[in-house]
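Below are the chains, spelled out letter by letter.
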Amino acid sequence: MIYRTNEYLGYPDRISVPAGEAVRFQLSSKRPSVKVEVLRLRCGDVDTNGPGFKYEVMTSPIDGEHACLDQPIRPGSNAVVDHDGALVPTGGHWCFGAYVYPTRIADNAKAVLGNWCEGSARGYALELDEEGYLVLVLGQASGAPARYALDVKLRPRVWTFVSCALDLARGSASLSLIVPADGVRPAAAHSKSFALPQAPALDSGLPFLIAAHHANGDRQYTSHFDGKIEAPRVLSCPLDAEALRVFDGRLRTGVSDAGLVAFWDFSNGISSLSIKDISPNGLHGSLRQLPRRGVTGFQWSGSVHDWRLSPQEYAAIHFHSDDIYDCEWQTTCTLDVPAHWRSGVYALRLTSAGDNPDRDCESYVTFFVTPGKASRRADLVVVASIATYLAYANSALRLYQVHFETLMEHVLWLPQDDVFMQENPEIGQSTYDCHVDGSGRAYSSWLRPVLNMRPRGYWFNLINDTHILDWLEEKGIAYDLITDVELDREGARALAPYRVMMTPTHPEYYSFNMMNAIMAYQNAGGRHISMGGNAFYWRCGFHPAAPAALEVRRGMAGTRTWESEPGEVHLAGTGEPGSLWRHSGFAPQKLVGVGFSAMINDTCGYYLRTAESEDARVAFIFEGTGRHEKFGDFGFRYNGAVGSEIDRYDLELGTPPHALRIATSEGLGAGALPTPEEFRTVVDGLDGTQNALVRADMVFFETAHGGAVFATGSITYGMSLGHNNYDNNISTITLNVVNRFLDPRPFIMPAKT
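So, here's what we can say about the structure. (Residues numbered from 1 in each chain as written. Predicted model: local features only at pLDDT ≥ 70, side-chain atom pairs only at ≥ 80, totals over all residues. Heavy atoms only, no water.)

## Focus on the sheet that holds strand E39 (residues 660–666)
Adjacent strands of a sheet pair through backbone hydrogen bonds, lying either parallel or antiparallel.
Now for step 1: If you walk across this open sheet you meet the 8 strands as E30-E28-E31-E33-E42-E41-E39-E37, and the pairing is mixed. In this open sheet, the two edge strands, each paired with only one partner strand, are strand E30 (480–483) and strand E37 (606–609). Put simply, the sheet's adjacent strands are angled 20° from each other on average, direction ignored.
Now for step 2: Where E37 and E39 come together, 4 bridges link them in antiparallel fashion. Of the residues in E39, the one forming a bridge with Tyr607 is Ser665.
Now for step 3: Where helix H6 (residues 462–474) meets the sheet, it contacts strand E28 (380–384), E30 and strand E31 (500–503), and its direction lies at approximately 165° from that of E28.
Now for step 4: Lying on the sheet, helix H11 (residues 729–742) is in contact with E28, E31, strand E33 (527–530), E37, strand E41 (697–702) and strand E42 (708–711); it crosses E33 at an angle near 165°. (Pairing = 2+ DSSP bridges. Helix = DSSP H or I, 4+ residues; strand = E, 2+ residues; numbered from the N terminus. Axes fitted to C-alpha atoms, helices over the stretch in contact; angles between N-to-C directions. Contact = heavy atoms within 4.5 Å.)

Spelled out as structure tokens, the structure:
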């Protein structure tokens, strides 16, 4: 049966909830009602060729039917300034303008600034029309709005100062643009004057906006600008365009400019969602839908690449018509999670209501329950990779990356969710995708439906991870589950109750707090079982002012689908450098002994033991297996325990010198290709058939205070655990490691390390 998985959509207000606390669900459907039940997932993979979809139905007060609204998604970022009429043109003169750097001129008008309302046709604004001409829009007391256009187009990706001067007493206006000189291009200026309408209606009665128009009076917005805007300003005095452009809004104490109404300095508060007016009027504003800050502005010299060092060079905001942080839907139901519920991966199952429900209509909203304050803790904790799930949330790579089919070396397969995203782009895509203006998406949040983080969705990441939970359940190993959000918020305290932590198949994105939390835990004697590959690779951050949003800056290296613009590698939220952890001096090898080596696009491989595996320190790992066995030459979906993305031991990148490389991969083919930072020029012999650096290594080492680390170095390792009804050598090795790591007897570091 092919399920209709998008008849109902939803998201939780918090991605992880401690047992004993509440989580709210925001649901939407064109159907008037929905049937809700709560599942605790053991294996979320609905593919019947594997362990199968396994879950426990949890009885809760929200079970049953609920009324359901059809709730829209309204993407597009902008700034909103409440002003009590202070920004309505009055008196004789009024001028306003800003630097703009349009990145997309197409389809419809793009608002720059003003209070214009499309619904009432009142107010005033500057905008760019669909061809890039600068337009002044004015409301009239009666009839259609007046529109005045400059007969010179703005060019994409060129800083231009646009402005308008109104002489209300004489009933005239002038519209101007100035293109400052740049490189070999000389400065240019253009201006045009108009007669104002007899009875202009310049007060829409609504807030002043930057980068959008009001669609109506209900705080809904339209005509979102794609591009950067810097230093918007409003003055109530006569100034020509050049004088307005060079006007310095920074006031000395006690020396104010009588004509200054507002001057928004975007270099102030780059890590926030607020914009500050540095005029005496204090007309501060707020940002919607998380536009990108920490971006280079008109004044950027190229001498710094960190916005914290010279904020004035980063006094711009990059707005997008398809930015989305929060759908802002109404709550449909609230679950008070019982204090006795086990931690784990949970999902709200959504099906059609009524006497004759559609059996093929089934959708899910995933959330995570963590131990409550009074919960009895297990000795082992699994840390779910929320940052990675978000980085890939609603990935549209298969749709929009023309090389994807070639890259993966197989015919493109498009699930229904991909088709839905094509038809409903407002849902927002992943940090692997690009905005409509071609710039990379730096943000992803959980305050929107995430189609590939749920059962019946694409299996990469979360669904693969549940194979590990399934194996733990099968083997009767008690465990708790927390998420890396807790690591980010609480640091090493989140791991302190546990003797052993386990990271799943693909913990690729890690913040500063997460990395340091694990290192502190390991150094304090904690034991870490790293079950995945391409782990601890990208440096990222949760935005302090938008805590449901992950921020990623790709930098200019690594396996990437877009690159940061020059000078824009630092995160706006925290100021840290983005890009790879390897380029911050903290390669994954330093944490778990292995780090990203290659992607496998064809045949998966297996492990063979190395000579180091005969060291008595690791004898416990291979108990019950043969010395020369192929380890993991099987596995669900991938057909091998070494596959998808793999990690390698490397002393130069930080693998501890006493670490033992106990097994290494075999059987990789021409489709195994190194990650770009692994080679400096293109030569023959890069692929897995000839390149000794293209391999997955299994590694063990001891840490201080009796701790230890075991790492598998492969994403597909977890999908081999269930092979042959869980009776196989990968399962045996893993069980040996888990049992020894749970044993309180300390590990002893070698004398020479």
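The structure having been displayed, the exposition proceeds.
## With respect to the pattern of salt bridges
Close approach of charged atoms allows side chains with opposite charge to pair.
Now for step 1: If you walk through the whole model with that rule in mind, you get 42 salt bridges.
Now for step 2: Between Glu37 and Arg349 there is a salt bridge, with its nearest N and O atoms 2.8 Å apart. With a gap of 312 residues between them, Glu37 in strand E4 (residues 33–43) and Arg349 in strand E26 (residues 344–352) connect regions that are remote in the sequence.
Now for step 3: Owing to a relative accessible area of 10%, Arg349 belongs among the buried residues under this scheme.
Now for step 4: Put simply, Arg4, Glu7, Arg31, Asp358 and Asp360 are held in one network by salt bridges that share partners. (Salt bridge = Lys/Arg side-chain N within 4 Å of Asp/Glu carboxyl O. Buried < 20%, exposed > 50% of the residue type's maximum accessible area, 1.4 Å probe, protein only.)

## So, the pairing of E41
Now for step 1: Counting buried residues along E41, 6 of its 6 residues qualify, which places the element largely inside the surrounding structure.
Now for step 2: The alternating pattern of E41 places Asp697, Val699 and Phe701 and Met698, Phe700 and Glu702 on opposite faces, both of which are buried.
Now for step 3: Note that E39 and E41 share 4 bridges and pair antiparallel. Across the sheet, residue Arg661 finds its bridge partner in E41, namely Val699.
Now for step 4: Across 4 bridges, the pairing between E41 and E42 is antiparallel. By the bridge assignment for E42, Glu702 is matched with Ala708.
Now for step 5: Turn length for the E41-E42 hairpin, with the two strands adjacent in sequence and antiparallel, is 5 residues, and the turn residue His705 shows positive phi of about 60°.

## Structural notes on empty space enclosed by the protein
Now for step 1: In the structure shown here, the tally under the stated rule is 6 cavities of 30 Å³ or more.
Now for step 2: Put simply, the largest cavity is a space of about 100 Å³.
Now for step 3: Lining the largest cavity are 17 residues; nearest its centre among them are Gly10, Tyr364, Val365, Pro449 and Val450.
Now for step 4: A class-by-class count of the residues in the lining of the largest cavity yields 12 nonpolar, 3 polar and 2 charged. (1 Å grid on protein atoms, 1.4 Å probe; cavity = no way out; pocket = protein on both sides within 12 Å on 5 of 7 lines; lining within 4 Å. Points joined across faces, edges and corners; volume = space filled by probe spheres on them. Nonpolar A, V, L, I, M, F, W, Y, C, P; charged D, E, K, R; others polar.)

## Re the nonpolar core
Now for step 1: Among the nonpolar cores identified, the biggest contains 131 residues, and Leu472, Leu487, Tyr607, Ile621, Phe710 and Phe741 are the most heavily contacted of them.
Now for step 2: Once residues within four sequence positions are removed from consideration, Phe741 is found in contact with Arg499, Val500, Arg527, His528, Ile529, Phe620, Phe700, Ala708, Val709, Phe710 and Phe747.
Now for step 3: Leu87, Cys164, Leu177 and Leu283 belong to the second largest nonpolar core, which has 46 residues in total. (Core = buried A, V, L, I, M, F, W, Y, C linked by side-chain atoms within 4.5 Å.)

## Digging into H6
Now for step 1: A rise of 1.5 Å per residue sets the reference length of H6, with its 13 residues, at 18 Å; its end C-alpha atoms lie 19 Å apart and thus fit the reference within 8%.
Now for step 2: Counting buried positions along H6 gives 11 out of 13 residues, so the element sits mostly inside the fold. (Expected span 1.5 Å × (residues − 1).)

## Re the sheet that holds strand E32 (residues 509–511)
Now for step 1: In space, the 4 strands of this open sheet follow the order E29-E35-E34-E32, with mixed pairing throughout. Unpaired on one side and paired on the other, strand E29 (443–445) and E32 mark the two borders of the sheet. Direction aside, neighbouring strands of the sheet carry axes that sit 40° apart on average.
Now for step 2: Of the pairings in the sheet, the one linking E29 to strand E35 (residues 546–552) comprises 3 bridges and is antiparallel in character. Note that in E35 the partner of Tyr443 across the bridge is Glu551.
Now for step 3: Running over the sheet, helix H8 (residues 512–523) touches E32 and strand E34 (538–543) and is turned about 85° from E32.

## Re unusual backbone geometry
Now for step 1: Backbone geometry at Ala231 places phi at a positive 50°, although glycine is not the residue there.
Now for step 2: Looking at where Ala231 falls in the secondary structure, it is placed in strand E19 (residues 227–235).
Now for step 3: The class of Ala231 is buried, set by a relative accessible area of 10%.
Now for step 4: Although it is not a glycine, Arg637 adopts a positive phi angle of roughly 70°.
Now for step 5: The topology assignment puts Arg637 in the loop between E37 and strand E38 (645–649).

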